[in-house]
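Observations on the three-dimensional arrangement
One-letter residues, chain by chain:
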Amino acid sequence: MASQTQGIQQLLAAEKKAAEKVSEARKRKARRLKQAKEEAQAEIERYRQERERQFKEFEAKHMGSREDVAASIDADTNQKIEAMKHHVASNKEQVIKRLLEIVCDIKPELHPNYR
């Protein structure tokens with residue numbers, strides 16, 4: 001009977017040791033997966049930064065910088081505003097004269113729908 005209990009104790013000890021090894025293996029696997037995920041994230045971030053840098057170089061080369069584009073748009077807008085001011089100044093007297101004629105020269109007549 002004593003050898004049986006001793007055999008059972010050895011089996012329980014072996015089972016406990018095996019469970020510890022399995023647990024340790026699972027922990028190592030979880031650590032490796034976490035480390036692999038962190039490395040993958042770092043690699044993705046490096047790749048994203050590299051592609052962004054390449055895009056900015058391409059954009060600067062083909063479109064010019066944003067400041068250049070903004071300056072070009074501002075210059076074009078200012079030119080159009082000046083042209084509009086010139087047209088207003090040149091037609092102002094004619095428009096005022098025409099408005100005064102329409103307002104002041106009233107010709108009373110019956111509406112065409114009135115019968």
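Residues numbered from 1 in each chain as written. Predicted model: local features only at pLDDT ≥ 70, side-chain atom pairs only at ≥ 80, totals over all residues. Heavy atoms only, no water.

Overview of the overall build of the chain
Note the following rule: Strands here are runs of E lasting at least two residues and helices are runs of H or I lasting at least four, both read from the DSSP assignment and numbered beginning at the N terminus. Just to be clear, the radius of gyration here is over C-alpha atoms, and the globule rule we use is 2.2 Å times residues to the power 0.38. Throughout, exposure labels follow a simple rule: accessible area from a 1.4 Å probe, protein chains only, divided by the maximum for the residue type, with under 20% read as buried, over 50% as exposed, and the rest as partly exposed. Each accessible area is a Shrake-Rupley result for a 1.4 Å probe, and residues are judged covered by the shown protein chains and nothing else.
A tally of regular secondary structure across the chain gives 2 helices and 0 strands. For 115 residues, the compact-globule formula gives about 13 Å, and the C-alpha radius of gyration of the chain, at 44 Å, lies well above that figure. In terms of its C-alpha atoms, the chain occupies a principal-axis envelope of roughly 135 × 55 × 15 Å. For the chain, the proportion of its 115 residues judged to be buried stands at 2%. When the accessible surface of the chain is split by element, carbon and sulfur atoms take 58% of a total near 11600 Å².

Section: the UniProt feature "coiled-coil region" (unreviewed entry) in the chain
To be explicit about the condition: UniProt positions are given in the numbering used here, feature names are shortened, and annotations may be inferred rather than shown by experiment.
Residues given the UniProt feature "coiled-coil region" (unreviewed entry) here are residues 8–57. Annotated as 100% helix and 0% strand, the span residues 8–57 places its first and last C-alpha atoms 73 Å apart.

Focus on the pattern of salt bridges
We count it as follows: In what follows, salt bridge is the name for a side-chain nitrogen of Lys or Arg lying within 4 Å of a carboxyl oxygen of Asp or Glu.
Scanning all chains against the criterion turns up 9 salt bridges. Salt-bridge contacts for Arg31 lead to Glu24; the nearest nitrogen and oxygen are separated by 3.8 Å. Under the relative-accessibility criterion, Arg31 is labelled partly exposed at 49%. Residues Arg53 and Glu50 are paired through a salt bridge, measuring 2.3 Å at the closest nitrogen-oxygen approach. With Arg53 and Glu50 both in helix 1 (residues 2–63) and 3 residues apart, this pair spans about one turn of that helix. Taken together, the shared-partner salt bridges connect Glu45, Arg48, Glu52 and Lys56 into one network.

Digging into a nonpolar patch on the surface
The following threshold applies: Within the patch definition used here, like charges are joined within 9 Å and nonpolar side chains (Val, Leu, Ile, Met, Phe, Trp, Tyr) within 5 Å, considering only residues with over 30% relative accessible area and no salt bridge.
A contiguous nonpolar patch, built from Met63, Val69 and Ile73 and spanning about 280 Å² of accessible area, is present on the exposed surface. Its location among the elements puts Val69 in helix 2 (residues 66–104). Note on Val69: relative accessible area 32%, which makes it partly exposed.

Things to note about helix 2
Note on helix geometry: an α-helix contains 3.6 residues per turn, so any two residues three or four positions apart are oriented the same way. Which entries qualify depends on this criterion: Take the residue count of a helix, subtract one, and multiply by 1.5 Å to get its expected span. Bend at a residue means the angle formed by two fitted axes: the first through the 7 residues ending at that position, the second through the 7 residues beginning there.
Taking 1.5 Å as the rise per residue, helix 2 with 39 residues should run 57 Å; its terminal C-alpha atoms sit 54 Å apart, in good agreement. Of all the bends in helix 2, the greatest measures close to 50° and is centred on Asn91.

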